[in-house]
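For reference, the chains in residue letters:
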Amino acid sequence: MSKARAGFGVYYWVLGIGLVLSLIMSARVGAVSISFDHIGLFLKHALGFGHGDGPPTIEEQLFLQIRLPRVLLCALTGAALSVSGVLMQALFRNPIVEPGLVGTSSGAAFGAAFVFVMGRTLTGAWADILGPWLLPLFAFAGGALATWLVYRLSNVFGKVNVNTLLLAGIAVNALAAGGTGFFSYIARDPQARSIVFWNLGTLSGADWRNTSLVAVTTIAGILLALRYTKALNALMLGETEAGYLGVRTRRLKTHILFVNTLMVAVATSVVGVIAFVGLVVPHILRLLGSSDNRFLVIASALLGAILLNLADMLARIIVAPSEFPIGVLTAFAGAPVFLYLLIRANRRQQQGGFYA
Amino acid sequence: MLSIHGLRCIAGGQPVVRDITIDFAPGQLHVIVGPNGSGKSTFLKAFSGEWPIAAGEVRYDGVALSSLDKTALARRRAVMSQLPELHFPLRVEDIVLMGRYPHFSFGATRADHQICRAAMERLSITGLAGRDYLTLSGGEKQRVQFARALAQIWDAPSDGCRYLFLDEPVSSLDIYYQHELLEVVRELVREQVVLIAVLHDLNLAMQYAHRVLFLRQGLLVAEGPVPEVVKPDLIREVFQIDARLLPDPEGRRPVIVYGQTDQFPAGRG
C-alpha cells in the first residue's frame, strides 16, 4: 500500500504540471492569440505586481475579462463533471455510469430551459432577490429530481441492474429532453436559440461572476467528495458489507446524490450540457490499475480539467475565428468509449465484473 | 457475550426468523446449520445489524444493538458474508485494508498496514497482496475476505468482546484451505472471540464446532454441545434425509453418512 501511495504521488505531480501547462496553452490561443510574455505580464498586473504604462490595452482587457475566466471555468467544469462521474460510478457500483447517463445533466438542462423561457414572467419580491440565483437553483432542482428518479428506478433490492439503469436513464433523459424541447418550442426566437446553443455546451458566456459560482460549488463538491472516499470504497463490496464496516449507507447515498447534483447542475447551468467527460476521465484513470476512490477523485479533478481545456482549445482552433460547440466534441470522443465499455461489459458479464 | 431475545424478522411479508432466544458466549465456536431457506443468513444479518428486526432484542456485552454506534460496533464486530460481487479492479491489499476503515478517519496508520500484513500472513495470502482481486479464484477471494474480517477485529477492545460472524466461509475452498481457515477460526475462539459460523457441511461442523444450532423454517429446533445434539433423528427431522453416525476409530467425533442403508447395495448385485 505504501508503494502504491508513492505511485499515486507521481501521478498527482504529473497531472498537476499538465494542468498548469494546459491552462497556459489554452489561455494563449483563440480569436486573438496572446504571447506567453504578455500572459505573464498581464497576470503580474492583475495580481498587483507593478503596472504597465498608461491604461490597460485592449489585449490585456480581453485576457483578463474574457480569456482568463473562460479558461478557469473550463477547468472547473471538467473537474466537476469528472469527479461527479467517479461519485456516480461508485454509487451505482458500475463503471459505465456518468452524470449525463443518470439524468443529472438533462434534468439540469430542463430546469435551466424553464428559467430561460419563463424566468422573465416571474415577478414579485422573491424573483428580484433570487434573480441571479434562479438559473443555478432550477438547474439544481431539475438535476436532483432526474438523478433521484433514475437511481430509484434502477436500484431494485439494493442491486443496480445495468439494463434497468440504461433504460431508466433513457426514459428520464427523454422526458427531460422533451421538456426542454417544449420550452424551446414555446420560446421566442432569441430564447430558443440560446437553449439550442446551450444544449450543445458552450463556454463563451464565461465571466467572473459565473466562474466564481462554479468555483465555489466545484471546490466544495470535491472537498466533500474526498470525505466520502473511504465509505465509497467500502460500498464497492456492496451495501451490506459497507454496513458491516460501519458505513451508514442510506445517508451516504443521499449525500453523494446531493454532492453530484450540486457540482453538475451548477456547472451545467453556466456552460450547458457537456456529455461523457464524467465517463471517460475515471475510465482512463482506472486503466492505471486502481479503483481507490480517493485517488480517482483527486486525479479525475486534475485530468478532467486538463482534458476539457484541451477540448475547448480544439473547439476554438478548428473553426477559428468562430468556435465549435464543445459538447459536440466531447460526444464525438466519449460515445465510442462508452460503446467500447458496454461491449466489453456484455462480453465479460459471465466472469462477474466489468474489469474482470 | 451476544444475547438474543425473542428475535423475529420478516422477509417478503413472511416471518423468516421466529422468536429465537439464545446467548452466544466467547471461547466456543457456535455453528448454525439448517436446510436452504431456513433463515440462517437472515438470522446472522439481523443480529449483525444489517437486517431490520421486527421484534425482540439483540445485546452486545449487555448494550442493545439499536443504541450502539455503527462505527463503534464495526471496530469489534466483523462479518464475512457469502462472496461479495465486485465491479471494479482492486488490489488485494486495498481490500484487506478496508477492514481497518472503522479504525482510522482519513489516512491509514503504519499500525493499520502492519495489521493487514499480519492478517494476510495468517491466511497465507501474502503472495496475493498486489494482485487484482477480480483475477483471483473463488477460494482465493474467500481467503482475502476472511483476512479483511480478521484485520477488522485484530486488536482487542479495552472492554467487552470481539465478535466474528462467518456466513458459509469455506464454500469455495478445497479441503486443505477449508481446514486451514477453520484452524484459524479455532485459534480465534481460544483468543476469546465470540465466533458464530453458518456451515453447510455437517461433518465440518461435527469436527470443529463446540455448540451447534439447528434452524428450520426460521425456528431454532435444537441447540447444544455437538456430541449431545447431533443425532440421526434430528438430522432426519431438520434435513429430511436419513443419516448414520459412524464412530471414528481414532477416537475423535463420529462421521455422518447420509442415505438409507439399502440405497447402496453392497457388492456387485
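Up top is the structure.
Residues numbered from 1 in each chain as written. Chains lettered and ligands numbered in written order. Predicted model: local features only at pLDDT ≥ 70, side-chain atom pairs only at ≥ 80, totals over all residues. Heavy atoms only, no water.

Residues and elements named next belong to chain B. An order of 6-7-8-3-9-10 is seen for the six strands of this open sheet, with the pairing classed as mixed. Lying at the two open borders of the sheet, with one neighbouring strand each, are strand 6 (77-80) and strand 10 (219-225). For this sheet the average axis-to-axis angle between neighbouring strands, irrespective of direction, equals 15 degrees. Alignment of strand 3 (residues 29-33) against strand 8 (residues 194-198), held across four bridges, turns out to be parallel. Pairing of Val31 across the sheet is with Ala197, part of strand 8. Helix-sheet contacts for helix 1 (residues 40-48) involve strand 3, strand 6, strand 7 (163-167), strand 8 and strand 9 (211-216), and the interaxial angle to strand 7 is about 155 degrees. (Pairing = 2+ DSSP bridges. Helix = DSSP H or I, 4+ residues; strand = E, 2+ residues; numbered from the N terminus. Axes fitted to C-alpha atoms, helices over the stretch in contact; angles between N-to-C directions. Contact = heavy atoms within 4.5 Å.)

Residue and element names in this part refer to chain B. For strand 1 (residues 2-11) and strand 2 (residues 14-24), the ladder comprises seven bridges, and the chain directions are antiparallel. Across the sheet, the residue bridging to Leu7 is Ile20, located in strand 2. From the end of strand 1 to the start of strand 2, which pair antiparallel, there are two residues, and Gly12 there has a positive phi angle of about 60 degrees. Where strand 1 lies against strand 4 (residues 55-60), five bridges are found, and the strand directions are antiparallel. Considered in strand 4, the bridge of Leu2 is made with Tyr60.

Right, let's talk about a nonpolar patch on the surface for a bit. A grouping of Trp13(A), Ile17(A) and Leu21(A) is seen on the molecular surface, where their side chains present a nonpolar patch of about 390 Å² in accessible area. Within the secondary structure layout, Leu21(A) lies in helix 1 (residues 2-28). (Patch = residues over 30% accessible without salt bridge, like charges linked within 9 Å, V, L, I, M, F, W, Y side chains within 5 Å. Areas by Shrake-Rupley, 256 points an atom, 1.4 Å probe, with all protein chains shown as cover. Salt bridge = Lys/Arg side-chain N within 4 Å of Asp/Glu carboxyl O.)

This brings us to the layout of surface pockets. In this model, the second largest pocket occupies a volume close to 770 Å³. Lining the second largest pocket are 38 residues; nearest its centre among them are Arg227(A), Thr229(A), Lys230(A), Ala231(A) and Ser105(B). Looking at the lining of the second largest pocket, the elements that each hand over two or more residues are helix 1, helix 9 (208-235), helix 11 (249-271) and helix 13 (293-318) of chain A together with helix 3 (92-98) of chain B. At eight residues, helix 9 of chain A tops the list of elements feeding residues into the lining of the second largest pocket. Tallied by class, the residues present in the lining of the second largest pocket amount to 20 nonpolar, nine polar and nine charged. (1 Å grid on protein atoms, 1.4 Å probe; cavity = no way out; pocket = protein on both sides within 12 Å on 5 of 7 lines; lining within 4 Å. Points joined across faces, edges and corners; volume = space filled by probe spheres on them. Nonpolar A, V, L, I, M, F, W, Y, C, P; charged D, E, K, R; others polar.)

Take the packing of aromatic side chains next. Scanning the model with the defined rule gives 19 aromatic pairs over all chains in all. Between Phe110(A) and Phe183(A), the aromatic rings sit 5.7 Å apart at their centres with planes inclined by 35 degrees, giving tilted as the arrangement. Here the residue Phe110(A) occupies a position in helix 4 (residues 104-118), and Phe183(A) occupies one in helix 7 (residues 162-186), the gap between them amounting to 73 residues. The cationic tip of Arg143(B) hangs over the ring face of Tyr177(B); the distance from NZ or CZ to the ring centre is 3.7 Å. (Phe/Tyr/Trp six-rings, centres within 6.5 Å; stacked < 30°, edge-to-face > 60°. Lys NZ or Arg CZ within 6 Å of the ring centre and 35° of its normal.)

Residue and element names in this part refer to chain A. Inspection of the secondary structure assignment puts Lys253 in helix 11. Side-chain polar atoms of Lys253 contact the side chain of Glu239, separated by 3.2 Å. Ignoring any residue separated from it by four or fewer positions in sequence, one finds Lys253 in contact with Leu91, Tyr151, Asn155 and Glu239. (Polar contact = N/O pair within 3.5 Å; in protein donor to acceptor, adjacent residues only side chain to side chain.)

Attention now goes to the pattern of salt bridges. All told, the structure shown has 23 salt bridges over all chains when counted by the stated rule. For the salt bridge of Arg236(B) with Asp233(B), the shortest nitrogen-to-oxygen distance reads 3.5 Å. In this pair, Arg236(B) and Asp233(B) are both assigned in helix 9 (residues 232-239), three residues apart and thus about one turn of the helix distant. Residue class for Arg236(B) comes out partly exposed when judged on its relative accessible area of 39%. On the basis of relative accessible area, Asp233(B) is assigned to the exposed category, the value being 57%. A single salt-bridge network, built from bridges that share partners, covers Arg70(A), Asp312(A), Arg316(A) and Glu323(A). (Buried < 20%, exposed > 50% of the residue type's maximum accessible area, 1.4 Å probe, protein only.)

All right, on to the pairing of strand 8 of chain B then. All names here are of chain B. Strand 8 sits mainly inside the fold: five of its five residues count as buried. With burial as the criterion, each face of strand 8 is covered, one bearing Val194, Ile196 and Val198 and the other bearing Leu195 and Ala197. One ladder, built from five bridges, connects strand 7 with strand 8; its direction is parallel. Looking across to strand 8, one finds that Leu164 is bridged to Leu195. In the classification by handedness, the crossover that spans strand 7, the intervening helix 6 (residues 175-190) and the parallel strand 8 is right-handed. (Right-handed = clockwise from strand over helix to strand, strands pointing away.)

All names here are of chain A. Following both chains from N to C, one finds helix 9 and helix 11 inclined at 155 degrees, their axes separated by 9 Å at the closest point. It follows that helix 9 is roughly antiparallel to helix 11 by the angle criterion. Regarding helix 9 and helix 11, the two cross each other, and that crossing is left-handed. Every residue of helix 11 that contacts helix 9 at Asn210, Leu213, Val214, Thr217, Thr218, Gly221, Ile222, Leu224, Tyr228, Ala231, Leu232 and Leu235 is listed here: Thr249, Leu252, His255, Ile256, Val259, Leu262, Met263, Val266, Ala267 and Val270. Residues of the contact of helix 9 with helix 11, tallied by class, amount to 16 nonpolar, six polar and no charged. (Parallel < 35°, antiparallel > 145°, perpendicular 65-115°, else oblique. Left-handed = near helix turned anticlockwise from the far one by under 90°.)

Residue and element names in this part refer to chain B. Inspection of the secondary structure puts Val212 in strand 9. Separated by 181 residues in the primary sequence, Val212 and Val31 have C-alpha atoms spaced 4.8 Å apart. Apart from the residues within four sequence positions on either side, Val212 is in contact with Val31, Val33, Ala222, Glu223, Gly224, Val226, Val229 and Val230.

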